[in-house]
Each structure stands twice: as structure tokens, then as C-alpha cells.
Amino acid sequence: MADAARSTDRLGALDITRKLAAICGEPFARFAGPADEVAGRTARWVAVPGGPHAAAEVLRLAAAHDLTVVPRGAGTKIDWGAAPAQVDIMLDTGRLAGVWHEPRGAAVAEIGAGTPLRAVQATLARTNRRLPVDAPSPGATLGGVLAADESGPLRHRHGSPCAQLVGVRYLDADGELVSVGESGTEALGRATPGSGGGRASGRGPAGDGCGGAGSGPACAADGFGWGVGDPAAGAGWGAGGPAGGAGGDPGRGGGDAILGRGEVPGLDVARLLCGSQGGLGVLVSATMRVHAVPAGRLWVSRPVWTPLEVHDLVRAVLAAGVDPAAVELDLPVPVPLPRRRIPPTHPSVVNRPDHPAVTGRPAAGSLVVLLEGGPADVTERAERLTAVLGAEAIVSHHAPEWWGRYPFAPGDTALRIEVPINDLHAAVYALRDATGGPVPVRGSAGSGTVHAALSGALPPERVASILTAVRSVLIARRGRCVVVAAPAAVRRAVDLWGELPTLPRLRSAKAHLDPHHRLAPGRLPGGL
């Protein structure tokens, strides 16, 4: 990007600032400050366009002067993944927000990418509907969730956010508006209000495009987080690969679409944006499937002691025919606590006199199953499930405190593990063996996707050795371990992604959609 430096030296930084202010409005363009960084890389300018047309103009300005652009929104995961090679313009998309097309009773809703997920849910709740999306990042926007294809517990039943995508409008690296799939209640290929006639799966003029409530400057809300995606969670580029998650679930990961087998023409290209961290395009809006809010919800929890026991219990839950909405596991570092014992004659421990439930050793964690549906039906299924899980199973109307939260904190080295559910216990044991002790693990045991936390104080070479050991176990099991976030020294020293068979396909996608590497260069695997 030496050309970019020469260009801005010649034109002058103030001239770029004036041009950005002319596009976005005087209060919405400025020189970047110390807090305006992406994974430690500081931007030069911050632009906050008031709508899709203005965002397109920012991208065109960047193209004209060979400047790089990294979108940012709520910033909930701005320190995740690889640092970009350069950040000239940070495109804050906080004014691209609103729930635009969501007529009563509709099965889909078109939502501005900058809309906070909690605001989307609050809007849909007025008509007793919801997005079955529960990303763990507090304050995350829909754009950020899609950029990471970031999933919460509900992925078990409903699939990843990317799998629920039925249409998008996005800006390519040249600032052209592309519309594919459905847009709200519009039929495939029809332009949405203000879209400037953009055509499906092709380039169209960049019109105002905000459309409906929240248009233009009135779209103000939290930003959307295309620069903060989870590099492990994309619709195929991180942990799962385009063929779907490591657990062999291509439908839930959007993999068929990425491979060109999508059910909607053009949506295969759009779904490439899932997990791309802003490196392939800038999302304007997404049309998502919506569902009725379930009338009944119950959480059935059971203490667990070993990863192998978790393996057995998950198999039992999935075989019980109770149709769980989520199956979550929490294995914190054990803290000795008193607990009651159960008789050695109990069916769940018969012939197992050394089982911790008999000896009284404290539980290492808990397995929790969410059941959703009609109140009577949920109650009946909960009763059947407690019979399967044994006497220590507890039914609650409230989720446990850790539900839908990551096990790591700022400053930790955060790992994401994806593996077929039958091998999840092997992955946890491998991680414990490599680190020499228990490691906090939490996530979706029912889909084989969990997160783990390593101390941020571990030196980079130690983290590298742990990754090598764990990946050597996972590779034979069609699993992956990626580094989601880490201290700067670790991030620079280790391979964040490990072996990535889909890298050639990702390289081709980058060359096609962003041939000049203007969008978040270096954020994708392989330095793309």
C-alpha cells in the first residue's frame, strides 16, 4: 500500500478529510484517534456514512486514492483475528440501521446491517416474533454477527445465522450496490425501494437504498461489526470450511451455497461474506428468516464430571427424541464445593462405585439442555429428559448464568474448537494434556463447537506448542482449533487458523470480489 501513502501525501490528509466530510456530513468524518484501531492497527480516518449511497461514495473515494477500508460497528470483537496490513479509512456503519421490511406475520424481515441484535429482537417481539439468533457478544449488530457467522446456543436447532440468510444487499470494493436473494417481501431480483435498480447477483447503481424506517441519517444506531468477526466461525472460511462445520453439518453452515449449490441464485456469492470480516464486501442489509416466539421454555441441567461422561450424556439426549433447541456444556476450572452423594445402587451409577456422584467428588461442570415449544409439550419433554439424565437433573425456567457467554476474558488467548460430537471429549482431553491441567471450556456440545480460554500470561512459544498438540489430535478427527483472540505477541507469533483446505477457494473469492485488496487486507487467512 505504498501507493496509498504517496497518494495521501500528495493530496494532503486534510483534503481526504474534507472529501469524507462532504460525503458523510461534517460531524461524521474525522481523523482517527488512539481508540480507532483494529486488532492493534490504528486507522487514519473515521467515516460514518448516513446511508448506503454515502457508504458507496466512501468506497469510491478509497478506490480513487488507493486507500484501504475496514468497516467497524459496535466493535464487540474488534480485537479478534489477524491485524489488517493497513487501515486507512475506518468505515463506521452505525448509521446503517433499522428493521425495514417486516410486515405482520411475514416469515422474513429485512434488517439494516448496523442494527444492534437486541434492537432487532425488541422490534420483532412487538409482533411475537424473533430471529433465532443469540450471538454471545453483548451489543453485537446483525452485520457483525453475519460477518462472523457468530452462533449461540440456538444454532443446535436453527443453524448458524448465515444459514438463515435469504437475501442481502452489499457494497463491493468499487462501491457498487449488489442485491441478491430476497429483500424483505420483494421477490428475487426485484429492486427494493431506493436501491437504484440493483439487479440480483450482479452489480447495480448505488442508490440511497436505506428504504423504509431508519433511512439515511435517521438510521443512527450502534455500528455494525464487519471488522470484528470471529475468524473461526465463518460460513466456511474459518473452522468449518465451505463444506460446513467440522461436525459434518453443511446445511447449517451455509456450505452448500458457498460451493455453488445454493437454493437461491446469487446467494452463494452473498454468503461468502459470512465470516469474511469485511474482507469481501460491506453489508448494507440482510433479509433473515423469523420465527414465532416459543410460548414455553425450560432448561434441564445435570452436573458432569468428565468429558467422556459428557459424550455419553449428549448421545443419550440426542437419542431421547425430545427435540432440544440447544445442548450446552460448561466445564470451568474445578473449584471444590460440597455436594450430596447419590446411592451406589442408583441406575445412573450402578456398577460404577468410583463414579464421582458416589464418592462425592465435586462436579467439574454442567450439561444444560434447552427445550422450546408449547408449555404442555415442553413440560412433557422435560419429564422424559430428566428420566434419561438421572436423579441429579434439575428443571428450571431460567438459563444458568453462564448460558450464551464465552469462557474467556479480555487478555486471554481464546480458542475455538470444532469437531464431530463423537470426538468432542477427545478434543477436550487433548487440550488438557497439552496445557497440563484443566482449561475452561464452554459451548455447544450438541454440535461439537466449543470455546476455551488459555491464560494471557502464557508465552507465545508455549501457546504455539499447545496448538500444535491439539491440532495433531483434531486433524485425524476432521476437527479444527483456531485462535479467536489473543494478546498481540501471541497473535503475531502463532498460526491463528492452522491447516485450511479451503484457502485456494478463499483466495479465488478475494481475487474476484476485491482484486486490489482494499477491503480489510490481511484480516483473512493466508494474509488475504
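Source: prediction; values computed, not measured.

Taken in spatial order, the eight strands of this open sheet run β18-β15-β17-β16-β20-β21-β19-β22, and their pairing is antiparallel. Because the sheet does not close on itself, it has two edges, and the strands there are β18 (394-396) and β22 (480-485). On average, each strand axis in the sheet is tilted by 20° relative to the strand beside it, whichever way the strands run. Of the strand pairs in this sheet, strand β15 (residues 296-304) and strand β17 (residues 365-373) are connected by nine bridges, and their pairing is antiparallel. Opposite L298, over in β17, you have L371 as the bridge partner.

Here the focus is the confidence of the model for the protein. Residues at a pLDDT of 70 or more form 75% of the protein, whose mean pLDDT is 79. For residues 1-8, every residue scores under 50 in pLDDT, and the model assigns this stretch 17 contacts once sequence neighbours within four places are set aside. Under a pLDDT of 50 for its full length, residues 184-262 has, in the predicted model, 265 contacts with residues more than four places off or in other chains.

One pass over the structure, following the stated rule, counts 21 salt bridges. The residue R130 makes a salt bridge to E372 at a minimum N-O spacing of 2.7 Å. In this pair, R130 sits in strand β9 (residues 129-130) while E372 sits in strand β17, placing the two residues 242 residues apart along the sequence. For E372, a relative accessible area of 4% translates into the label buried. Across the pair R442 and D330 runs a salt bridge whose closest N-O atoms are separated by 2.9 Å. Of this pair, R442 sits in strand β20 (residues 441-444) while D330 sits in strand β16 (residues 326-331), and the two are 112 residues apart along the sequence. Taking relative accessible area as the criterion, R442 reaches 15% and is therefore assigned buried. For D330, a relative accessible area of 8% corresponds to the buried category. Taken together, the salt bridges that share partners define one network made up of R30, D36, R72 and D92.

Below, the discussion takes up the packing of helix α13 (residues 424-435) against helix α14 (residues 460-475). Across the interface, α13 lies against α14 with an axial gap of 9 Å and an inter-helix angle of 150°. Put simply, α13 runs roughly antiparallel to α14. The element α13 and its partner α14 pack so that their crossing is right-handed. The residues of α14 that touch α13, namely those facing A426, A427, A430, L431, A434 and T435, are R462, I466, A469, V470, V473 and L474. Considered class by class, the residues forming the contact of α13 with α14 number 10 nonpolar, one polar and one charged.

At a closest axis distance of 9 Å, the pairing of helix α2 (residues 13-24) and helix α3 (residues 52-64) adopts a crossing angle of 160°. Put simply, α2 runs roughly antiparallel to α3. Our pair here, α2 against α3, has a crossing hand that is right-handed. Across from I16, K19, L20, I23 and C24 in α2, the residues of α3 making contact are A54, E57, V58 and L61. When the residues that make up the contact of α2 with α3 are grouped by side-chain class, the tally is seven nonpolar, no polar and two charged.

Now for the packing of aromatic side chains. Going through the model one piece at a time under the given rule, you end up with five aromatic pairs. Between W299 and W403 the ring centres are 6.3 Å apart and the planes differ by 90°, which places this aromatic pair in the edge-to-face class. Here W403 lies in the loop between β18 and β19 (413-418) and W299 lies in strand β15, a separation of 104 residues in the sequence. Each member of the pair, W299 together with W403, is buried. Arranged with centres 4.9 Å apart and planes meeting at 15°, the rings of Y406 and F408 form a pair that is stacked. For the residue pair Y406 and F408, the accessibility class agrees, reading buried in each case. Among the aromatic residues, ring-to-ring pairing joins W80, Y406 and F408 into one connected group. One residue, K77, lies across the ring of W80, its end atom 5.8 Å from the ring centre. Sitting above the plane of the F28 ring, R95 keeps its charged end 3.6 Å from the centroid.

Attention shifts here to the environment of V293. Examined against the element boundaries, V293 turns out to sit in the loop between β14 (291-292) and β15. Residue class for V293 comes out partly exposed when judged on its relative accessible area of 33%. Separated by 161 residues in the primary sequence, V293 and P132 place their C-alpha atoms 8.9 Å from one another.

Let's shift gears to the pairing of β22. The buried count for β22 comes to six of six residues, which makes it a mostly enclosed element. Across five bridges, the pairing between β19 and β22 is antiparallel. When the sheet's bridge partners are listed, R416 is paired in β22 with V482.

Below, the discussion takes up the nonpolar core. Grouped together as the largest cluster of nonpolar side chains are 55 residues, with contacts concentrated most on L367, L371, L385, L415, I417 and L431. Excluding anything up to four places from it in sequence, L367 contacts V300, S301, R302, V304, V310, L313, V314, V327, E328, L329 and A445. The next biggest cluster of nonpolar side chains, apart from the first, holds 37 residues, and it includes V99, A109, L131 and V145.

With that out of the way, let us pick up the environment of A320. With respect to the helices and strands, the residue A320 is situated in the loop between α10 (307-319) and β16. We classify A320 as partly exposed; its relative accessible area is 22%. For the pair A320 and A387, spaced 67 residues apart in the sequence, the C-alpha separation amounts to 9.9 Å.

Criteria and cut-off values
- Residues numbered from 1 in each chain as written.
- Predicted model: local features only at pLDDT ≥ 70, side-chain atom pairs only at ≥ 80, totals over all residues.
- Heavy atoms only, no water.
- Pairing = 2+ DSSP bridges.
- Helix = DSSP H or I, 4+ residues; strand = E, 2+ residues; numbered from the N terminus.
- Axes fitted to C-alpha atoms, helices over the stretch in contact; angles between N-to-C directions.
- pLDDT = per-residue confidence, 0-100.
- Contact = heavy atoms within 4.5 Å.
- Salt bridge = Lys/Arg side-chain N within 4 Å of Asp/Glu carboxyl O.
- Buried < 20%, exposed > 50% of the residue type's maximum accessible area, 1.4 Å probe, protein only.
- Parallel < 35°, antiparallel > 145°, perpendicular 65-115°, else oblique.
- Left-handed = near helix turned anticlockwise from the far one by under 90°.
- Nonpolar A, V, L, I, M, F, W, Y, C, P; charged D, E, K, R; others polar.
- Phe/Tyr/Trp six-rings, centres within 6.5 Å; stacked < 30°, edge-to-face > 60°.
- Lys NZ or Arg CZ within 6 Å of the ring centre and 35° of its normal.
- Core = buried A, V, L, I, M, F, W, Y, C linked by side-chain atoms within 4.5 Å.

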